[in-house]
Structure formats: structure tokens, C-alpha cells
Protein chains: 2
Amino acid sequence: MAYHPLDETTIADFIAQRPSMTKVFSDFEALSVSEVGDGNLNLVFIVQNDAAPAESVILKQALPYLRVAGDSWPLTRERMRYETQALLKHNELAPGLAPEVYDFDEAMSLAIMENLREHEIMRQGLVARKHYPHFADHISTFLVNSLFFTSDLYLTGPEKKLLAATFVNEQLRKLQEDFVYTNPYMESDENNWNPLVAAEVQAVRSDPALKMAIADMKLAYMTHAEALIHADLHTGSIMLNERDTRVIDPEFGFFGPIAYDVGAVLQNLILNYLSHYGHTPDSAERESYQSYLLDMVRDIWTQFARKFDETWHANNHGELVPDKYWEFPGGQQAFAAYRQHYIHRLLQDTAGHGGVKFLRRMMGIVNVWDLTSIEDLEKRAVAERLAIRIGRRWLMERKSVNSIDDLIGIVQEETADVSI
Amino acid sequence: MAYHPLDETTIADFIAQRPSMTKVFSDFEALSVSEVGDGNLNLVFIVQNDAAPAESVILKQALPYLRVAGDSWPLTRERMRYETQALLKHNELAPGLAPEVYDFDEAMSLAIMENLREHEIMRQGLVARKHYPHFADHISTFLVNSLFFTSDLYLTGPEKKLLAATFVNEQLRKLQEDFVYTNPYMESDENNWNPLVAAEVQAVRSDPALKMAIADMKLAYMTHAEALIHADLHTGSIMLNERDTRVIDPEFGFFGPIAYDVGAVLQNLILNYLSHYGHTPDSAERESYQSYLLDMVRDIWTQFARKFDETWHANNHGELVPDKYWEFPGGQQAFAAYRQHYIHRLLQDTAGHGGVKFLRRMMGIVNVWDLTSIEDLEKRAVAERLAIRIGRRWLMERKSVNSIDDLIGIVQEETADVSI
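Everything quoted here is computed from the prediction, not taken from an experiment.

Peer 1: An account of the domain arrangement of chain A is needed here, citing residue identities and associated values.
Peer 2: Residue and element names in this part refer to chain A. The assigned domain composition of chain A is domain 1 (11-114) and domain 2 (120-414). Listed by partner, the interface residues are 27 residues for domain 1 and 31 residues for domain 2. Summed over both sides, the interface of domain 1 with domain 2 buries roughly 2,400 Å², with 67% coming from carbon and sulfur. Counting every contact that joins domain 1 to domain 2 gives 2 salt bridges. Residue Arg-246 pairs with Glu-114 through a salt bridge whose shortest N-O separation is 2.7 Å.

Peer 1: Tell me about the interface of chain B and chain A, residues and numbers included.
Peer 2: The partner chain A presents 47 residues to the 47 residues of chain B that form the contact. Buried surface at the junction of chain B and chain A, both sides included, amounts to about 4,200 Å², of which 68% is carbon and sulfur. When the buried area of chain B at its contact with chain A is split by residue, Lys-161, Met-212 and Tyr-325 of chain B rank highest and sum to 17% of it. For the pair chain B and chain A, the interface holds 4 salt bridges. We note a salt bridge from Glu-319 of chain B to Lys-174 of chain A, for which the minimum N-O separation is 2.8 Å. Inspection of the region where chain B meets chain A yields 17 residue pairs in polar contact (both at pLDDT 80 or more). Going through the elements one at a time, helix H5 (157-164), helix H6 (170-181), helix H8 (208-223) and helix H11 (331-363) of chain B are the ones with two or more residues in the side of chain B that touches chain A. The element best represented in the side of chain B that touches chain A is H8 of chain B, accounting for 10 residues. When its residues are assigned to classes, the side of chain B that touches chain A shows 24 nonpolar, 6 polar and 17 charged.

Peer 1: Mind laying out the relation of the copies chain B and chain A, listing which residues take part and the relevant values?
Peer 2: Expressed as a screw transformation, the operator carrying chain B onto chain A has a rotation angle of 180° and an axial translation of 0.0 Å, and the superposed copies differ by an RMSD of 0.0 Å. The superposition operator between the copies reduces to a two-fold rotation axis. In terms of proximity to the rotation axis, the leading residue of chain B is His-224 of chain B, whose C-alpha is 2.4 Å off the axis. Here 100% of the interface residues in chain B have copies in chain A that are interface residues too; the copies meet face to matching face.

Peer 1: Quick one: what's the story with unusual backbone geometry, residue by residue and with numbers?
Peer 2: Phi at Arg-129 of chain A takes a positive value of approximately 60°, unusual for a residue other than glycine. Phi at Ala-231 of chain B is positive, roughly 75°, even though this residue is not glycine. Topologically, Ala-231 of chain B is positioned in the loop between strand S9 (227-229) and strand S10 (238-240).

Peer 1: Pulling in residues and values, what's your account of the pattern of salt bridges?
Peer 2: Under the criterion given, the structure shown has 64 salt bridges over all chains. Its salt-bridge partner being Arg-81 of chain A, residue Glu-106 of chain A comes within 3.4 Å of it at the nearest N-O pair. Taken together, the residues Glu-106 of chain A in the loop between strand S6 (101-105) and strand S7 (110-114) and Arg-81 of chain A in helix H2 (residues 78-93) connect sequence positions 25 residues apart. By relative accessible area, which is 17% here, Arg-81 of chain A ends up buried. Put simply, Arg-298 of chain B and Asp-295 of chain B hold a salt bridge, and the shortest N to O gap is 3.1 Å. One end of the pair is Arg-298 of chain B and the other is Asp-295 of chain B, both in helix H10 (residues 283-314) and 3 residues apart, which spans about a single turn.

Peer 1: Mind laying out the sheet that holds strand S3 (residues 56-62) of chain A, listing which residues take part and the relevant values?
Peer 2: All names here are of chain A. Pairing within the open sheet is antiparallel, and its 5 strands lie in the order S1-S2-S3-S7-S6. The sheet is open, and its two borders are formed by strand S1 (31-35) and S6, each paired with just one other strand. Taking each pair of neighbouring strands and ignoring which way they run, the sheet shows an average axis angle of 20°.

Scoring rules and cut-offs
- Within every chain, residues take consecutive numbers counted from 1 along the sequence as written.
- Whichever chain is written first becomes A and whichever ligand is written first becomes 1, with later ones labelled in order.
- Thresholds applied to this predicted model are a pLDDT of at least 70 for local features of residues and 80 or more for the giving and counting of side-chain atom pairs; totals over whole chains, interfaces and linings are not thresholded and use all residues.
- Side-chain measures were taken over the full set of non-hydrogen atoms in the model, leaving aside hydrogen atoms and water.
- Each domain's extent was defined by an automatic or database domain assignment.
- Should any heavy atoms of two residues lie within 4.5 Å, those residues are considered in contact.
- Summed over both partners, the accessible surface that disappears when two parts come together, traced with a 1.4 Å probe, is what is meant by buried area.
- In the sections that follow, a salt bridge refers to a side-chain nitrogen of Lys or Arg positioned within 4 Å of a carboxyl oxygen of Asp or Glu.
- Under this definition, polar contacts are N or O atom pairs within 3.5 Å; protein pairs additionally need one hydrogen-donor-capable and one acceptor-capable atom, and for neighbouring residues in sequence, both atoms have to be side-chain atoms.
- Under the scheme used here, helices are H or I runs from DSSP no shorter than 4 residues and strands are E runs no shorter than 2 residues, and both carry numbers assigned from the N terminus.
- Residue polarity follows a fixed list, in which Ala, Val, Leu, Ile, Met, Phe, Trp, Tyr, Cys and Pro are nonpolar, Asp, Glu, Lys and Arg are charged, and the others, Gly among them, are polar.
- Least squares is the method for superposing the copies, and the C-alpha atoms it fits come from residues with pLDDT of at least 70 in both.
- A 1.4 Å probe rolled over the protein chains alone gives each residue an accessible area, and that area as a share of the maximum for its type sets the label: buried under 20%, exposed over 50%, partly exposed in between.
- Note: two strands are recorded as paired if DSSP finds a minimum of 2 bridges between them.
- In this description, a line fitted to the C-alpha atoms serves as the axis of each element, helices being fitted only across the stretch in contact, and the angle between N-to-C directions of two axes falls anywhere from 0 to 180 degrees.

So, in C-alpha cells, the structure goes:
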């Protein structure tokens, strides 16, 4: 079928003709279709059997353009292939932690996947101060499985290069390169910020040492092909409830630095922490939830580091450092030390990429709803100034970071005397 | 034409039928063909018009296997495409510094290129203590042009990713990953070394800190996709004379760390320096040539660093740090400082990759002719022990290297009291 965008009038017929859909729908007589936005990249529809509402799917179709940034960005529809490929890989490596993919039509740039009816977007739950008792366990497993098993620690050299060659993704990579690492820190029409933090924004833009550090992290982002990263793993890309967690929307996926994904998760939780200076006026309630979030950050890193180490030790099938390489007296201790050395470097890179991502959210194209949903600009500025200070310190102090408590300590120091 | 290996009886006809060859040969009546080996990867023939001997070409055809390492390594014939692509890119970016490519037949895995009749392999010239007054200028230009103009400093993000996607080269990359960074430092059948340095080889193999450092450099080699590197730029891949320099055999080319190529050149010159403890018994003659080689190493780095900086400043068309990023008071000084910071990091990486390459040559599959051509094993061991010591120090001290004189200083310190 040649590419053409579907709409609410044509989707039910399309669904009824896909053989894969008989596994989801008991019949096609009472399908209802509703469009739900997902931003500027795609058409997204929910298709439901009104006679059996538990039977429903998400149909996602790429549009051949992206209208954002005040300009028209041409983007090939290939991104739906990247998203589907990444989802299938995530389902394979981290089963139960990504939505199931039922069908994919490459010519139509269209995928049909599980409708997560019982899940909510994490960003919204966090602003509502919800607790997610299994999240640290789930997300650390997702990170370890999706990253370790696509890295040179597990795949052979040729396997990894051939897999990476299916994720060129040069257009969406450029979006992140521009919008995370470059444009926010220079004149660019799409940038926007709270006018009350204009002085802090200008200070970032004109700080030579900070600009050089951001460039170093951009270089790593552009060139360090360590593993298949999600590359947009903020709390808006996580749907969950108290029992279950799913990572969605991996269309930016490519072979990049492992720490970029880890940094995205941790930094978004800290941004949410800061947002409660606006959202949660009761100080006891606020401090309690903020403390919960810092514990979550510590848990995620600690579990990530432990699982990464254990998974590597048990599955050292890649070619970076084969088991035979460590066959010498003391070799097993050396391998253990090397794993810790590698994970320590990941923590420092996490601080670097996470630090940049604090800054970009305060002054770039895409602000973060946790903060923009604070209506009082003064209160919002309290959180934003803190985000800029914390981001700068995570980035600039990254090479002396030795434990997750160093990163949490920066948050605690900068927020020790907040007056609102 | 379906793939079939050519031989001395079929080549003249093949040449006569290629339209491209009328530019080289005035007629095809008196073509003579002689096979010349290039190792284990390819068939290589010289085709000459005996009626006009200046008219000649090299015909190079890939075989579908590589017999080395005591085992049979399957290798696709794709490597001829990689070599040709890289040669064409080198001709475009560094004209006059690579052999010209006249013709390429992908189905036959065959390329026809300039026969460098007036050039010699550099390794042989260096053992014969020849001087090459333009080499530092030529090779530094080759390095800067081939590396800078294929990096994110010059290409846009998408241009660079799409170019990199044409150099997957997963099979030859694995060869270097195994034979440079892994197998020499563990039990592997193909390893060989001078029995007189067995103790030093075992010390390398069982040194935990050294093994971890080698693994870090391997990680960089496997994942840091900075630019189109030659990836085998030793002095056997350089043909030259007093006036002219050509870099040949780039079939290992892929997007890797810039410093790997720089390190290969410098480290091979130091290996040759050490070989003169065996080749040049007259101490005045030896010291004079060794001093010439150290000056050459200093010149190459100094010219590389200067040209890299100037080329970047004048051609900052890539997306790592666009000019607009530096538009703030003091921004031009910050950009200059960032270029120096980047080049300083390249020097440290050069020490790391170069250091590993010293070690692999002493204990891996491919020893270096400069040293293996020393018949007296005792004399050869003098040079080999020094190579291991220098390689270890370049690698382990890389993060405190501040100038090329630090690397040269290590050579001078380790060779201050050589007794032969």
C-alpha cells in the first residue's frame, strides 16, 4: 500500500484488514477511533472495540514533516521504522517493560501497538506526588537490559556494528544534537525561557568554561557509539502504575552513550523534585515527597550499577574484554575492578549528560511540563534557578564524582536554604 | 561480470576491455603482467606496457578468504569496496597524497590504480637510514585533511552519519580489535615473540592496571566514531621518495578515533628508532639517525596540531560547535581555547593508542619488519624490551601528557643508557 495518512474515517477498515488484529479484536463490527496527540511528529489514534472495551490498540503513523521551532523541519517517515525496531528490541531484551508491538507497515510508516489503558505518564504522576514502589527496580532493569545487551560487552564486534548500522537515524539525532547541546546556549529563534531567569540564561551562554564542557558532552553524544540508547528517556516517555512500568516512544534510538539514558531518568526526577517548590506549598508534604524522590534517584543508580555489574559478570560474551583476557593470577579481581571502573565512568558521564539536560530544559525549545505547569512565574523561577545551578555543578564537577551521593549531595546543598 | 579471480593469463584481456584504461595505456598490444604479493588479503598484479614502460597500473583483487593465524578467517570481498571508497575520499581530501584510482569493479572486487614506480615502502627506507625532507609536512597534511574533513567539526550531523554508514567494515574492524587490543595480551595460538623477551611478555599479560588501560583504549577504538580513519597507518602503508608521499592500503578504514592514525605514524617511527640498535652498529651514525627520527616525530605532531587548529578555525562548518555558539564576549578566545583543548586530548589519545601498538607488535600476530629483520636475537631483544617499556609508559602516563616533548622524553629516558 502506498503511503497515505490515515484518519478517523479510514482506520477501522485498515485495522479490520490486518491479519495481526484478529489476535487483539474478537470482532471488527464496533470499532471506535479517536485521535490523541503525541506532539508534532506523528498521528496517534486509539482504536477500541466498543462491544469489548478491553480490546484496544494504539495506531501510530508518521507524518512526513515536523512543525515545531517556528519553521518547517523536514523529517523522513523512516522514524517510524526506528521506533518499531527499537520497540521490538526492547520487548526482546526487557520483556514487559515496553509496549507490545502487534504490527508494522513500513510503506505506510505505521505501527500498531498495545494500548496502555491502565498506565499514566510518569511526569503527571510525579507532579501529583504519587508513589511507584517498583519503579527503581523496573527502570534499572530496563536500562541494564536494553543497554548492556546491545553493547560491545555482550555482542561480538560484527554483530554490534551490523545492528548499529540499522539505526543510522541521522535526522532525529540532529534534532537532539541541536536542541539539547547547541541551540539553547546561543541565539536561536525557538529558544524560550521564563523572563525572570533571563540573567541566569545569559550567564550560561557567556561562560567559556561551561560552553567548553557542554561541547565535550556533545562530542561524546555525537561519537560514542556504546549501545542502543533510547535517547529521549524523560518521564514523559515512561508510562506506569503501581505495579507496572513501560518505556515508550524510542524513535530517537541510535547507538550512543549509555550514560545519556541514565542521566535522562535521574535528571528528570530531580527536575520534578524542584517543581514541588511550586506545586506543593505545604513544606512537610513537599519535603517528604522530595526526600522520596532523592531515595528513588539513589535506588535507581544503585540497582543499575549492581545489575550492570552482575549482568556483565554472568554474560561476558562480547569482545571488549573476553574471559580469556583475564586468565592470569589475580585476573578475576582485575575483571571485577574493570567492571567497577567502567561503571564509575558511566556515573561521571551520567553527571555530564544529565547536567547539560538540566540547562537545556531551562532555556531551549522544549521546556518541561513539571515546571511550566507552575503558573506563578516567581515560584517557577525559584525552581528554574536551582535547576541551572544544579545542572552546572553536575556538569562541571563530573570528573570528581565518586558515588551517587555526590550527585544527590549537590541537590541537597543547592536546595538547603530555599525560601519560597 | 560474476566474481572470479583473475590470473596472469586473463588480466591483459580484462584491462584491454576497460574503457578507463585508454587514459593510461597508449595501446594494449604489449601488456605484461606480474604478480606481486601484498600479504594474505588480496591478489596484486602490476600490468605494464612493455613498449612504453612508464605506462603501468596496479590491479588489486580481493580473495574471499584470509589465511593467516593458522586458521581460515572468512572475509567478505567487500573490503575492496572499503579500500576503494577510502582511496577516493583520500584523493578528494588530500590530493597527491594517495594513489590515484582509475577503475573499480564491485562485482569482481577489483580496483585498478596508479603504480607508484618511483616510490619505496617507508619502513624499508627508514631501516636504510634514508631522509625524507617533506614527509612531516606531507603526512601531517594527509592526517589533518583526511580526518578533519570527515569529522563532526566539518560535516553536518546527517552528512557524517550517512558517510559513516558506508564504512561499516565489521570484519576488518574485528581483525584490528582482536589483533591490536586483545589477543596479544592473552593466550592465543597466533601470537609470537622473541623468546628472549618472554619474561617481559608475561609481565604485560599479567599486569592488572596495564590490562585495564588496554581495555579502555579498545573501548575507545570500538566506539569513538570521530572521523574516517585509515586504521592501518604504519610505515608499511606509506610509499614515498624524497619529493612525494602516498598513503596506501586503507581497506581497514572506518569511523574511529582520530588519534589512532596519528599514534600509528608516531609509534612506527619510534619502533624504527629502536631497530637501529640492531641495524646500525656505528654509534655516531645510529645516534644521528635516531635524533633525526625524534625530530621527525616532533615535527609531525607540531605540524599536525598547527594545521588541525588552522583548518578548524577556517572551516568550522560542522555542527559540534558552530560559529554562532561562540558569539559572546570573549567567545573567539573560548573557541581558540576549545580547539587547543580538543587537540590536547588528541595528543593524550595518541599516547594511549600508540602505546598499545608498541606492545602488540612485540607479542602479537604481526611483528614488525624493522625488528624481525635483525637476525641477532640478542640485539633484537634490546630493541624489543625498550619498545615494551616505552609502550607501557606512553599508555599508562597518557593522561598527564602535555606536549609532544613528554612523549619524546619517555623515549629519551628509556634509551639513555642502552648497552649493546
